[in-house]
Amino acid sequence: MKKLITFLFLFFSVTAQSDLKKDLDNQLEPLMKKVIEWRHDIHQYPELSNREFRTSKKVAEHLTSIGLEVETEVAHTGVVGLLKGSLPGPIVAIRADMDALPVIEKTGLSYASQVKTTYLGNEVGVMHACGHDAHVAILMGVAEFFAQHKEQIKGSIVFIFQPAEEGPPEGENGGAKMMLEEGLFEKYKPEVIFGLHVSNGPHGYIGFAPGPAMAAASAWRVTINGVQSHGSRPWEGIDPIMTASQFINQVNTVVSRRINIVDNPAVVSVGMIEAGTRNNIIPETASLMGTIRTFDPKLRKEIYSEIKQIASGLEISSGTKINVEFDVGGFYPVTFNNIELGERMIPTLKEASDGRFGLITKRTGAEDFSYFSQEIPGLYIFLGVNDPGVMEQPGNHSPYFTVNDDALDEGLKALIYMALDY
Ligand SMILES: [Zn+2]
Ligand SMILES: [Zn+2]
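If you're wondering where the values come from, they're calculated on a predicted model, not measured in any experiment. Throughout, residues of each chain are indexed from 1 in the direction in which the sequence is written. Written order decides the labels, with chains lettered from A and ligands numbered from 1. Local features in a predicted model are, by the rule used here, given only for residues with pLDDT of at least 70; side-chain atom pairs are given and counted only at 80 or more, and totals for whole chains, interfaces and linings are based on all residues.

Draft legend 1. Fine view of the sheet that holds strand E1 (residues 69-74). Two strands qualify as a pair provided DSSP detects at least 2 bridges between them. Put simply, DSSP marks the helices as runs of H or I at least four residues long and the strands as runs of E at least two long, and each gets a number from the N terminus on. Read across the sheet, 8 strands follow the order E1-E2-E6-E3-E7-E19-E8-E18 without closing on themselves; strand pairing throughout is mixed. Both edges of this open sheet fall to E1 and strand E18 (357-359), since each of them pairs with a single strand only. Geometrically, the sheet is characterised by an average inter-axis angle of 20 degrees between neighbouring strands, direction not taken into account. Alignment of strand E8 (residues 206-208) against strand E19 (residues 378-384), held across 2 bridges, turns out to be antiparallel. Bridging from a neighbouring strand, Ile 206 pairs with Leu 383 of E19. Working definition of a contact: two residues with C-beta atoms, positioned from the backbone, lying within 7 Å. Axes, fitted as lines to C-alpha atoms, cover a helix only where it is in contact. Angles between the N-to-C directions of the axes lie from 0 to 180 degrees. Of the strands in this sheet, E1, strand E2 (78-84) and strand E6 (154-162) touch helix H2 (residues 53-65), which is tilted by about 15 degrees from E2. Helix-sheet contacts for helix H11 (residues 408-421) involve strand E3 (87-97), E6, strand E7 (192-199), E8 and E19, and the interaxial angle to E7 is about 170 degrees.

Draft legend 2. Quick look at the domain arrangement of the protein chain. Splitting the protein chain by domain gives domain 1 (13-215 + 334-421) and domain 2 (216-325). Segment limits for the domains were obtained from an automatic or database-derived domain assignment. Computed from C-alpha coordinates alone, the two centres of domain 1 and domain 2 are separated by 36 Å. Contact residues are listed per partner, giving 6 residues for domain 1 and 7 residues for domain 2.

Draft legend 3. The packing of helix H9 (residues 339-352) against H11, seen in detail. With their axes 9 Å apart at the nearest point, H9 and H11 run at an angle of 145 degrees to one another. Handedness of the crossing formed by H9 with H11: right-handed. Contacts between H9 and H11 pair Met 345, Thr 348, Leu 349, Glu 351 and Ala 352 from the former with Glu 410, Lys 413, Ala 414, Tyr 417, Met 418 and Asp 421 from the latter. Note on residue classes: Ala, Val, Leu, Ile, Met, Phe, Trp, Tyr, Cys and Pro are nonpolar, Asp, Glu, Lys and Arg are charged, and everything else, Gly too, is polar. Residue composition of the contact of H9 with H11, grouped by class: 6 nonpolar, 1 polar and 4 charged. For a crossing to be left-handed, the near helix must be turned anticlockwise from the far one by less than a right angle; the clockwise case is right-handed.

Draft legend 4. Spotlight on the nonpolar core. For this entry, the nonpolar core is defined as buried Ala, Val, Leu, Ile, Met, Phe, Trp, Tyr and Cys residues connected by C-beta atoms within 7 Å. Here the C-beta atoms are placed from the backbone, and a residue counts as buried if at least 20 other C-beta atoms lie within 10 Å of its own, exposed if 12 or fewer do, and partly exposed otherwise. The biggest cluster of nonpolar side chains holds 79 residues, and the ones touching the most others in it are Ile 94, Ile 138, Leu 139, Val 142, Phe 159, Ile 381 and Leu 415. Residue contributions to this core peak at 10 residues, all from helix H3 (residues 132-148). A domain split of this core shows at least three residues from each of domain 1 (13-215 + 334-421) and domain 2 (216-325). Residues in contact with Ile 381, not counting those within four places in the same chain, are Leu 196, Ile 206, Gly 207, Phe 208, Leu 349 and Ala 414. One finds Val 254, Leu 299, Leu 314 and Ile 322 within the second-largest nonpolar core, a separate group that totals 21 residues.

This is the structure we're talking about:
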């Protein structure tokens, strides 16, 4: 008898789910029209990390208008919406990140960003070059769909609109880590979390890497203090620019010569050089910044000590004083996709994408979704948003990065199906 009841229960819940999926199909066109409008608007008015004031206001107004319980100013500019379904069931969280990047947009789109701001002391453009505009718009659409079908929802859904995924400005706290520190999960108690990222990949294709999916990221900064002199009399000073160039050469031997990457890949890159103001003045200081990507905490520590050793050696040979900092502006752990949850969601994702699904290999990109999926089982999926039929397109963080609107319904469906099937 118990078996029969279980069977009937399963049968009816599956039926309820497929009813909802049918409803979604019928509603998809008008809903996607709204999602695309929202995205274009957010794209045109991008905001940097911890400055997502306009975006979070738009999100909060939308969530309130569709009847969710809404909390604002979570970790500065974050918004959390709670939808309580009418039937008992688990609590599921879905996360979208809201921030843009200091990039001058060069897409030429009609809704391209013209926004300018100051970043690290320089005037810069602001652009949704990582596609977070798409994430926000999709999740607003997901919330609208579920709000309209509250009576059929078993359990609750927590909609997390997160600020500062790209990293808060130096000296500020922010992002997923700060949301958790403020007690996000204690308050809403989700048992599982889903997230999505758009990326340059085949149109409408969905994929994820099981287990360690994205690298840990640590920003490093090296400040080289020399002795200032006139450019015509370098022997009177100690040239920090010369030492900086030697440092760049040597830091590139860390991965190629100093550590074992047979089992675990690693990347060390230099992304910034800063020194000097004029052709004939040798400055007092030079600074370099870069990133370290790893999948293994032990290897990361080894890289730290190799870089410190390079710095100590250069101090002796050049006479400069070198200060080395790691985890500048915070640290991103490895983004881990729960193996069991991933396996369970494969049929769901195949269904949502009409079979355009595949497992992918890990990436050296990083995500602060990692903080969430460190606490509870999480699944982070990628959606390809290239133009149809195009394989190679400018990638995330490029001033030419574009998102093809017609691929976004796949993302919306994937998030809705995962929440429903879970
Ligand atoms: Zn990014
Ligand atoms: Zn991103």
